[in-house]
Amino acid sequence: MSETNLSKNPSDAAADGTADGAGKDAPANGNGTGVAKGATAALDPRLLVREQGLAGYWTDFKRKMRTGELGSVPVVVGLIVIWAIFQSMDSAFLSAENLSNLSVYIVGTGLISVGIVFVLLLGEIDLSVGSVSGLASAVFAVLAVNNGMNEWLALVLALLTGAAVGAFHGFFFAKIGVPAFVVTLAGLLAWNGLMLKVLGTTGTINLDSEGLVANFSNHYFNDVAVAYGTALVAVAVFFAAQYSGARRRAAAGIPFRPMTEIVVRTAVLAVLAFGAAYMLNQYRGMPLALLLFLVVLVSMDFVVRRTSYGRKVFALGGNTEAARRAGINVEFVRITVFSIAGTMAAFGGLVIASRIMAANQGAGSGNLLMEAIAAAVIGGTSLFGGRGSVWSALLGMLVIGSIANGMALLGIAASVQYMITGAVLLAAVVIDSVSRRTQRSAGRT
């Protein structure tokens, strides 16, 4: 199949958020216009953007706000406000050291939140990820520390433990029909008990300070070329993806981003990426934990937006019965989504264990579960399914981590932090609900 034909696939357009674009290949109705005689052809707003320049972009932005297509705008604005407030109260907040520490702090919970995003895209929930993360860290510690197993092998087995647990939940949900809430609530209790059993009477197993997992949170690439190189690769890949996508869409005769917009988007990303690299290099360089997180985000984003599997996940979240009738293997997708969530929970648990240098009985407890779910929702993933992005995990964790970090600098009690985080989560859900209602009233879904 040619590249042009692939671009004409409606599901490909949907993956780019442009399924409603008016194509030039629409069948003519005797008058060569592709619409009935006497009717007015609907013009895709993106075409106006190309023709009107900056004014067109502003008009398109206002249209999106009116129709509830808010995207990540609320969380980005909220993050800027949070940073501005804390910086005004303590000048150390935006220092290189504090931002570097923040970038490491968000990784463990952020990885767990990536898995939550997949589950939320189905319109479901997974309450077991905290316990699964603790179980994975316990499995790794027992195998690598107590039994002397090679750390790479122990790491793989810990991740497979998370994947198996997630598939177990998915089986009962997809095959047996038990609600995901009930299955994962049972898992929250059961896997926490198994973690305590695995850890044994000691309750705490200290990790090798020079070992593989310990380096996840403690290793920094001091060479400035690593941070700047990562920024350069990110910008280059982004530009290549945008340019390639525009060429495919142009060949298919459907709306595409003009080169000017691609260059502006790339320039904005370059400023952010190289700015972040500069700040990291002012302290200890690029943290390994952050690099791993970025690799996971890019990989999972590709899976969600650029593969048929990702489109199936979105389809199930939008309308399960319609997806079933379209020939999608609903049970397979559901099981694999929960397996992905379990794997990400295990990975996140290992990163958290590396940060405290131990696997203990408190792993996976506290507010870890709530933070992972809140990060996905605050970042823009809908609780109602069918809409979201894995980048929500990064944005949401930046909000939550910034609140926690800023309050710690100011010496504010944790109780206030929880209340503020809860208020931010409620605001995110309200925005999501209002956005969906606005889109329905505007004739969009």
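Residues numbered from 1 in each chain as written. Predicted model: local features only at pLDDT ≥ 70, side-chain atom pairs only at ≥ 80, totals over all residues. Heavy atoms only, no water.

### A few points about empty space enclosed by the protein
Item 1. What the rule picks out here adds up to two cavities of 30 Å³ or more.
Item 2. In this structure, the largest cavity occupies an estimated 40 Å³ of space.
Item 3. Sorting elements by how many residues they give to the lining of the largest cavity places helix α7 (residues 129-146) first, with three residues.
Item 4. The residue inventory of the lining of the largest cavity, partitioned by class, reads seven nonpolar, one polar and two charged.
Item 5. Of the volumes computed, that of the second largest cavity is approximately 30 Å³.
Item 6. As for the second largest cavity, its lining consists of Leu122, Glu124, Phe173, Leu316, Thr320 and Arg334. (1 Å grid on protein atoms, 1.4 Å probe; cavity = no way out; pocket = protein on both sides within 12 Å on 5 of 7 lines; lining within 4 Å. Points joined across faces, edges and corners; volume = space filled by probe spheres on them. Helix = DSSP H or I, 4+ residues; strand = E, 2+ residues; numbered from the N terminus. Nonpolar A, V, L, I, M, F, W, Y, C, P; charged D, E, K, R; others polar.)

### Looking at helix α17 (residues 368-378)
Item 1. The buried fraction of α17 is high, at 10 of 11 residues.
Item 2. When we look at burial in α17, the residues that qualify are Leu368, Leu369, Glu371, Ala372, Ile373, Ala374, Ala375, Ala376, Val377 and Ile378.
Item 3. Immediately beyond the C-terminal end of α17, within one or two residues, lies Gly380, with a positive phi of roughly 120°. (Buried < 20%, exposed > 50% of the residue type's maximum accessible area, 1.4 Å probe, protein only.)

### A word on the nonpolar core
Item 1. Formed by 96 residues in total, the largest nonpolar core has its most connected members in Val114, Phe118, Phe140, Phe293, Met300, Val333 and Val337.
Item 2. What Val333 contacts, discounting residues up to four positions off in sequence, is Leu122, Tyr309, Lys312, Val313, Leu316 and Ile328.
Item 3. Ala227, Ala231, Ala277 and Leu290 belong to the second-largest nonpolar core, a separate cluster that totals nine residues. (Core = buried A, V, L, I, M, F, W, Y, C linked by side-chain atoms within 4.5 Å. Contact = heavy atoms within 4.5 Å.)

### A word on the pattern of salt bridges
Item 1. In this structure the tally under the stated criterion is five salt bridges.
Item 2. In this structure, the salt-bridge partner of Arg265 is Glu261, at a minimum N-O distance of 3.0 Å. Taken as a pair, Arg265 and Glu261 lie in helix α12 (residues 259-281) at a separation of four residues, close to a single helical turn.
Item 3. With a closest N to O distance of 3.6 Å, Arg324 and Glu321 form a salt bridge. (Salt bridge = Lys/Arg side-chain N within 4 Å of Asp/Glu carboxyl O.)

### Re the confidence of the model for the protein
Item 1. Per-residue confidence for the protein gives a mean pLDDT of 84; residues scoring 70 or more make up 82%.
Item 2. Segment residues 1-43: pLDDT under 50, and 53 contacts once partners within four positions in sequence are set aside and those in other chains are kept. (pLDDT = per-residue confidence, 0-100.)

### Some thoughts on unusual backbone geometry
Trans peptide bonds make up the majority, and among non-glycine residues the majority have a negative phi.
Item 1. Backbone geometry places Met357, a non-glycine residue, at a positive phi of 65°.
Item 2. Along the polypeptide, Met357 turns up in the loop between α16 (330-356) and β4 (358-360).
Item 3. Overall, Met357 belongs to the partly exposed group, its relative accessible area being 21%.

### Some remarks on the packing of helix α13 (residues 288-306) against helix α14 (residues 308-318)
Item 1. Their axes nearest at 5 Å, the elements α13 and α14 cross at an angle of 70°. When the axes of α13 and α14 are compared, the pair comes out roughly perpendicular. Within the contact between the two elements, α13 uses Val303, Val304 and Arg306 and α14 uses Tyr309, Gly310, Arg311 and Phe314.
Item 2. Here the residues of the contact of α13 with α14 are counted per class, giving four nonpolar, one polar and two charged. (Axes fitted to C-alpha atoms, helices over the stretch in contact; angles between N-to-C directions. Parallel < 35°, antiparallel > 145°, perpendicular 65-115°, else oblique.)

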